[in-house]
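# Structural description and commentary
Spelled out, the chains give:
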Amino acid sequence: MSDRIREKLSILADAAKYDVSCSSSGSTRKNDNKGLGDSSASGICHSYTEDGRCVSLLKILLTNHCIYDCAFCVSRKSNDIKRAAFTVDEVVNLTINFYRRNYIEGLFLSSGIFKDADFTMERLLRIVKKLRLEERFNGYIHLKTIPGASPELLSEAGLYADRMSINLEMPTERGLKLLAPDKSHDEVKKPLGFIQNTITKFKDEKKTGLIKSIPKFVPAGQSTQMVIGATPETDMEIMYSANQYYKDYKLKRVYYSGYIPISYDDRMPQIGSQPPLLRENRLYQTDWLMRFYGFEVQELLNPKNPHLDTDIDPKLSWALRNPEQFPVDINTADYRMILRIPGIGTQSALKIIQARKFGKLRSDQLKKIGIAYNRAKFFIRCADSPYQLNDPEPQHIKHLILSESNSKYLKVPQNQLSLF
């Protein structure tokens, strides 16, 4: 590797670390005809930092030159930083060489916008097209959609990328206009809608069976990212926005990136202040409850409770606010209600449903199933539960749970893994 390429890689890999939406789950691309790599048969092996950042992909920007001056972005045009740009061939060669050395198992490619959206998107397209067709690379590719790019470029890019994403930036239009007045959420909604409609079209054509071979189009779906903590939105506003995008565009994931202070702009937290990692974690937990536990966003956040608790997780917070729902009889409750018990996850809930077919469950059996019994015991009744005249007050339960638990959530620096 030449010194110049090494310098570019150092600059553009560091600039990419602020983008967290690099999950590669959901792709089924297979290796045919002795190509290079496989995102299906062997799977993508991830490494994550404690705050959720994926470090198993070659995660770079094509360039950190940008025509926009977004106050929250390190690559904004007014920022006095080193600038660099890869050529198409340089990105292709880096990806192939790193893959062959087993440094990476896929590519996450984004870019600042230089000249205009189509100029930038066309170069991103050339990279993924060359990897797929000339290098016969079948590994995972996550490609960023450039807001404002033409539908023709997006249509072709979707044939070569496993996942595409476009950053919402701020959770609300109000917050975006505050820090990036030249941008709007409409510029994000248009490509999200176009790609989702195209995905649906390809799936419908496949169902008809009239066409022998239908190419894959963004098989791992779309995602987006919000910057959290740069603007004063409430947790309710953030999650209501995420919920709307999940429903409207069938997104696979919404990522929440705690703002890392990189500017002395008085509209945002100052350099030296801690990124809101705990808040970020609580938002992810809320997102999980919405997607996998059957909760509606209005149950978790509403005008009476616009912010998530920092000392307890959202599921426990909901349970303490709704004592009339408990205790739940573990031997008669349905799967949906068992999922809502603090300390019981999806797998444990399924095991409970299966195990109680053979008899009423006792506390020792629940412990063997693997539930967090010290938390769940305040919200359940099982075969050997002692009779209580009065249920404990929610605040008393909260105090007991907190006194017995140690948080595993650690404050760690949000650094990207060094490639050197």
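Residues numbered from 1 in each chain as written. Predicted model: local features only at pLDDT ≥ 70, side-chain atom pairs only at ≥ 80, totals over all residues. Heavy atoms only, no water.

With that out of the way, let us pick up the overall build of the chain. What the chain contains, in helices and strands, is 15 helices and eight strands. Burial statistics for the chain: of 420 residues in total, 52% are counted as buried. Of the contacts made within the chain by residues no fewer than 6 positions apart, 68% connect residues no fewer than 24 positions apart. Carbon and sulfur atoms form 50% of the exposed surface of the chain, whose accessible area is close to 20,500 Å². (Helix = DSSP H or I, 4+ residues; strand = E, 2+ residues; numbered from the N terminus. Buried < 20%, exposed > 50% of the residue type's maximum accessible area, 1.4 Å probe, protein only. Contact = heavy atoms within 4.5 Å. Areas by Shrake-Rupley, 256 points an atom, 1.4 Å probe, with all protein chains shown as cover.)

Attention shifts here to the packing of aromatic side chains. Scanning the entire structure with this criterion turns up 10 aromatic pairs. Between F202 and F217 the ring centres are 5.1 Å apart and the planes differ by 25°, which places this aromatic pair in the stacked class. Here F217 lies in the loop between α6 (186-208) and β5 (222-228) and F202 lies in helix α6, a separation of 15 residues in the sequence. Of the two residues, F202 and F217, both sit in the buried class. (Phe/Tyr/Trp six-rings, centres within 6.5 Å; stacked < 30°, edge-to-face > 60°.)

With 62 residues, the main nonpolar core has I60, F72, L109 and M121 as its most contacted residues. When neighbours within four sequence positions are excluded, F72 is seen to be in contact with E169, M170, L179, A180, V227, Y259, I262 and M268. By size, the runner-up hydrophobic cluster in this structure holds 56 residues, among which are Y256, Y293, I312 and L339. (Core = buried A, V, L, I, M, F, W, Y, C linked by side-chain atoms within 4.5 Å.)

Below, the discussion takes up the layout of surface pockets. Approximately 530 Å³ is the volume attributed to the second largest pocket. Together, 21 residues line the second largest pocket, and I199, K203, F217, V218 and P219 are the ones closest to its centre. Among the elements that line the lining of the second largest pocket, the one with the most residues is α6, at six residues. Looking at the lining of the second largest pocket residue by residue, the classes come out as eight nonpolar, seven polar and six charged. (1 Å grid on protein atoms, 1.4 Å probe; cavity = no way out; pocket = protein on both sides within 12 Å on 5 of 7 lines; lining within 4 Å. Points joined across faces, edges and corners; volume = space filled by probe spheres on them. Nonpolar A, V, L, I, M, F, W, Y, C, P; charged D, E, K, R; others polar.)

Quick look at the sheet that holds strand β2 (residues 106-110) now. Sheets are built from strands paired through backbone hydrogen bonds, the pairs being either parallel or antiparallel. Sheet architecture is open: six strands sit in the order β1-β2-β3-β4-β5-β6, paired in parallel fashion. Edge positions in the open sheet fall to β1 (58-61) and β6 (253-258), since each of these has one partner strand only. Within the sheet, the average angular offset between the axes of one strand and its neighbour, ignoring direction, is 20°. The pairing of β1 with β2 spans four bridges and is classified as parallel. Residue pairing across strands places K59 opposite F108, the latter belonging to β2. Strands in contact with helix α3 (residues 117-133) are β2, β3 (140-144) and β4 (163-165); relative to β3, the strand with the most contacts, it is inclined by about 170°. (Pairing = 2+ DSSP bridges. Axes fitted to C-alpha atoms, helices over the stretch in contact; angles between N-to-C directions.)

Below, the discussion takes up the pairing of β2. Most of β2 sits out of view: five of its five residues are buried. Residues G106, F108 and S110 line one face of β2 and the alternating positions L107 and L109 line the opposite face, and both faces are buried. Following the chain from β1 across helix α2 (residues 88-100) to the adjacent parallel β2, one finds a crossover that is right-handed. One ladder, built from four bridges, connects β2 with β3; its direction is parallel. Bridging from a neighbouring strand, F108 pairs with H142 of β3. Crossover handedness for the path β2 to α3 to β3: right-handed. (Right-handed = clockwise from strand over helix to strand, strands pointing away.)

Turning our attention to helix α12 (residues 346-355). Regarding α12, the residues found buried are S348, A349 and I352. For α12, the buried positions fall inside an angular range of 100° around the axis, keeping them on one side. Buried-residue contacts for α12 involve α11 (335-339) and α13 (363-369). (Arc of directions from axis to C-beta.)

Right, let's talk about empty space enclosed by the protein for a bit. Left-over empty space is what a probe sized like a water molecule reveals as it rolls over the atoms. Overall, the coordinates contain three cavities of 30 Å³ or more when judged by the stated rule. Considered as a void within the structure, the largest cavity measures approximately 680 Å³ in volume. Forming the walls of the largest cavity are 38 residues, and the residues nearest its centre are D19, F72, C73, N167 and E169. A class-by-class count of the residues in the lining of the largest cavity yields 21 nonpolar, 10 polar and seven charged.

With that out of the way, let us pick up the pattern of salt bridges. As enumerated under the stated definition, the model contains 17 salt bridges in all. Notably, a salt bridge pairs E90 with K8, separated by 2.9 Å at the nearest N-O pair. On the criterion of sequence distance, the pair formed by E90 in helix α2 and K8 in helix α1 (residues 3-16) is long-range, its members being 82 residues apart. On the basis of relative accessibility, which here comes to 8%, the residue K8 falls in the buried class. Between D287 and R291 there is a salt bridge, with the nearest N and O atoms lying 2.6 Å from each other. One end of the pair, D287, and the other, R291, are both in helix α8 (residues 277-292), four residues apart, so they sit about a helical turn from each other. The class of D287 is buried, set by a relative accessible area of 1%. (Salt bridge = Lys/Arg side-chain N within 4 Å of Asp/Glu carboxyl O.)

Taken by themselves, the reported measurements are silent on function.
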